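If you want the building blocks of each chain, they are given just below.
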Amino acid sequence: MGKNKINLLTKLLVSYLLVLLFPVTIILFYYYPYSADVVKEKEMEWNAHITEQFMTSMDAFTRYVYNLPFELVQNQEFKMYQTEDNDYQRVLIAKEMKKYNATDAFIYNTLLYVKNTGYLFSKTGSAYSLEDMRTPGVGFYYERWPYTDVVNTLNTLEAPIVRPVEDVMIPGHNRVRMLTFLQPLPVGGVNSPGTVLIMVKEDTIIRMMRSVSEIYKGDFFIFDAQGKPLVASNESLYQTSDDVSQLVRGMDDKTSLSSGIHTINGSSYLVSHTVSDKNGWRYVSLLPMTDSLQGIRTIQLNTVMLVGGILLIEVVVIYLSIRKNYHPIKRLVDFAIHLFAPQGSQSMNEIDTIRYTLSGLSAANTRLDEKVKGTLPIMRDNLLQQLVNGQFLSWEEFVREGERVGVSLHGPEISVIVISSESSGYEDAALEHFREWGHFLPPGVQAYLFNSIYDHEFVMLCSHEHDFPLKKVLAQLQQRIKEEAGLITRFGIGKTVDSLCPQAVHISYLQALRTAEHLRLGQSHSILVFDEMEESQAVAVSYFADMLQSLELSILKNEAAMVESIIERLIGHLGSDGMPPHMIRSIYLNTASVIFNGLLRFRHDDQSVLRLTEAAFSTRYTPAQMSSIIRDSSAKLCEMIRETLPPSRSAGREDILAVVEAKAMDPNCSLQLMADHFGMSVSNFSHHFKKTIGQNFKEYIDRLRIQHAIRLLLETEETLDAIAMQAGYNNTSSFIRTFKKIVGVTPGQYRSACKG
């Protein structure tokens with residue numbers, strides 16, 4: 001009897017275990033491995049996308065680097081094959097190089113080496129001799145690039161080369177790690193007149209790497225076409241192990257994009273690499289196995305342990321239930337309810353219990369998918385940024401990319417709205433209202449909001465019908481934000497005028513930017529469409545150019561009083577009502593640039609000046625703030641000028657008259673020459689001369705020359721041309737005009753009257 005009971009118990013146990021093992025087997029051997037594969041695939045796709053984005057950014061920035069030699073060759077002002085080694089030619093080239101001072105932050109410095117002069121000319125307007133490259137702190141001193149090799153390379157370069165990141169001692173004894181591009185002029189030619197040396201900071205490239213994605217935690221490496229390392233965000237990882245170099249050597253150059261999981265230094269990495277079709281560079285990304293992948297492995301292990309525990313407990317429960325005549329299914333359901341803790345008190349049978357378990361596991365997998373999809377907003381913002389910046393070649397290309405990230409613009413008209421506010425805390429408060437506003441848009445209207453490149457500014461793309469009252473709807477939104485959040489906002493609107501195309505959207509974006517700038521500086525409206533902007537009266541651009549040129553000349557001559565006078569006139573124009581907003585910003589930027597160049601000429605390594613320069617150009621200011629920055633900076637510059645001026649020579653009445661009488665008959669005698677002789681500025685010497693002698697310099701020198709001319713007219717028979725030259729005049733007409741002004745008659749009439 002006992003044997004029959006045991007046999008029966010065994011059969012029941014086996015039957016129950018088979019029923020339980022079927023769904024558990026599906027979970028263990030299919031569902032979890034499949035979930036892990038899905039997560040890995042998405043992680044690798046995301047890593048590959050980040051790598052390609054970084055490569056695209058680098059290609060865009062290096063395009064200017066490779067195009068610069070051609071632009072220099074095309075510049076007719078240089079005439080490098082005819083350049084001679086003299087100060088005038090060097091000043092001319094240095095001034096011309098300042099036109100190539102790119103405003104982007106990618107290039108640190110550009111040096112043009114002209115063989116005929118033996119000098120390197122910087123884009124900042126400075127000039128360095130080859131000997132300066134030998135001395136740390138004077139020129140650009142490469143610690144691992146011998147000076148003889150530098151000279152040989154600059155003089156014999158026939159093809160472009162790129163030097164990997166290395167330590168460079170820049171002027172001022174600061175050490176900076178630089179990536180250096182060297183290209184001959186013309187590119188690829190022989191008997192080159194010079195070489196272009198372009199330097200990019202390693203920190204600039206690393207920041208660009210990190211800016212591709214805020215949540216990216218991996219490391220980037222850049223190799224040239226021959227596999228030589230150029231830039232590494234984690235140089236120690238490359239130097240301490242051969243795994244990275246072996247991995248790079250094993251990659252196929254013809255494969256445009258490759259991803260996979262590899263072991264480096266005993267750790268697992270998601271590896272993605274891509275090859276640029278512009279210069280053959282390889283971009284490699286090493287991303288450690290993310291927490292999500294490690295988490296799903298933990299879940300798998302815990303599930304195996306949990307299922308094992310369930311099986312063990314189920315055997316005991318079933319055995320005890322059968323021995324005690326309890327219903328095994330009911331006990332199994334009770335145990336599942338206690339283990340998974342479902343909401344409510346509803347009882348479940350065995351099928352419901354398994355379904356509930358699978359639902360919990362599916363929810364866990366969904367949460368993992370949501371983490372991976374967290375990068376979609378970043379991808380969407382990048383896509384919209386590319387659209388407004390005109391980086392798409394066709395509308396079909398944008399539509400294909402938009403479908404991948406959920407962006408759809410189907411309306412016949414697209415408006416670009418630049419939203420700005422100077423209030424602090426603007427971003428978080430305004431974003432909430434913008435998101436709520438999107439839910440109330442009528443059917444057929446799509447709106448997408450993303451961050452601008454400027455602080456306190458958003459960009460909105462809105463697709464709608466031609467008759468959609470956009471301005472009215474935006475006014476309602478603006479009033480709501482003002483009432484509920486207390487924020488004052490301004491909306492600049494640009495609209496497409498042609499059929500849907502990336503170029504039209506880009507033009508609309510530029511219109512919106514200009515309209516927003518007009519609102520910010522003018523502050524006469526809060527919502528404005530580009531077509532509604534009033535045309536301002538034309539401003540004499542050449543007048544401001546002359547003033548800026550005078551300002552530069554005054555700074556070079558160390559005339560502090562003249563600098564102060566010109567600055568006050570420029571500030572007066574900044575605050576005038578008739579000045580167009582775009583001209584205000586242009587005058588401010590150019591004036592600030594001249595002043596900061598003057599400050600750096602006196603103190604090139606002053607960190608406070610560098611911080612002030614960064615603050616002046618990185619933020620959008622009101623006209624009052626612009627005037628304050630220019631006035632304070634010019635005051636500091638004038639103070640430096642006065643501190644560096646040498647003490648004046650003795651400039652008494654006898655000293656001045658002695659010098660004037662000795663040089664009066666020299667045609668080159670001028671107010672500038674006299675001011676330089678006594679160590680004074682032109683304006684100061686002119687004022688001192690009039691105060692000391694009693695008349696201005698030109699009147700006094702003209703009278704001395706005419707008196708000498710009268711003696712020559714009466715005592716000699718020389719011609720008027722000869723007398724004019726001896727009296728200090730290069731031009732006979734000028735001599736006759738001055739003679740008649742002082743004497744009352746022409747020199748010929750005076751000679752005839754006196755000798756007749």
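Residues numbered from 1 in each chain as written. Predicted model: local features only at pLDDT ≥ 70, side-chain atom pairs only at ≥ 80, totals over all residues. Heavy atoms only, no water.

Regarding the overall build of the protein chain
(1) Moving on: Helices and strands together make up the secondary structure of the protein chain, namely 26 helices and 17 strands.
(2) Moving on: Across the 756 residues of the protein chain, 43% fall into the buried class.
(3) Moving on: Taking the contacts inside the protein chain whose residues are at least 6 apart along the sequence as the reference set, 62% of them involve residues at least 24 apart.
(4) Moving on: Working note: accessible area of the protein chain is about 40,100 Å², and carbon and sulfur atoms make up 53% of it. (Helix = DSSP H or I, 4+ residues; strand = E, 2+ residues; numbered from the N terminus. Buried < 20%, exposed > 50% of the residue type's maximum accessible area, 1.4 Å probe, protein only. Contact = heavy atoms within 4.5 Å. Areas by Shrake-Rupley, 256 points an atom, 1.4 Å probe, with all protein chains shown as cover.)

Quick word on the pattern of salt bridges
(1) Moving on: Enumeration according to the criterion identifies nine salt bridges in this entry.
(2) Moving on: Where D702 meets K698, a salt bridge forms, and the shortest distance between an N and an O atom there is 2.9 Å. Here D702 pairs with K698, and both are found in helix α23 (residues 697–715), just four residues apart, close to one helical turn.
(3) Moving on: Residue classification places D702 among the buried positions, given a relative accessible area of 10%.
(4) Moving on: Overall, K698 belongs to the exposed group, its relative accessible area being 54%. (Salt bridge = Lys/Arg side-chain N within 4 Å of Asp/Glu carboxyl O.)

Here's the deal with the sheet that holds strand β5 (residues 161–170)
(1) Moving on: If you trace the seven strands from one edge of the open sheet to the other, you get β3-β2-β1-β7-β6-β5-β4, paired in antiparallel fashion. In this open sheet, the two edge strands, each paired with only one partner strand, are β3 (127–129) and β4 (141–142).
(2) Moving on: Two strands pair when backbone bridges link them, and strand β6 (residues 174–185) and strand β7 (residues 194–201) are joined in this way by eight bridges, in the antiparallel orientation. Within β7, the residue paired with T180 across the bridge is M199.
(3) Moving on: In the packing of helix α2 (residues 87–97) onto the sheet, contacts are made with β1 (109–114) and β2 (119–122), and the angle to β2 comes to roughly 35°. (Pairing = 2+ DSSP bridges. Axes fitted to C-alpha atoms, helices over the stretch in contact; angles between N-to-C directions.)

Focus on helix α25 (residues 732–743)
(1) Moving on: Taking 1.5 Å as the rise per residue, α25 with twelve residues should run 16 Å; its terminal C-alpha atoms sit 16 Å apart, in good agreement.
(2) Moving on: What α25 keeps buried is the set F735, T738 and F739. With its buried residues spanning 105° around the axis, α25 presents them on a single face. Facing away from the buried side of α25 by more than 90 degrees, the exposed set consists of R737 and K741.
(3) Moving on: On the buried face of α25, the contacting elements are α23, α24 (720–726) and α26 (747–755).
(4) Moving on: Sitting at the amino-terminal end of α25 is N731, which places a side-chain oxygen 2.8 Å from the backbone nitrogen of S733.
(5) Moving on: The positive-phi residue at the C-terminal boundary of α25 is G744, with phi of around 110°. (Expected span 1.5 Å × (residues − 1). Arc of directions from axis to C-beta. Polar contact = N/O pair within 3.5 Å; in protein donor to acceptor, adjacent residues only side chain to side chain.)

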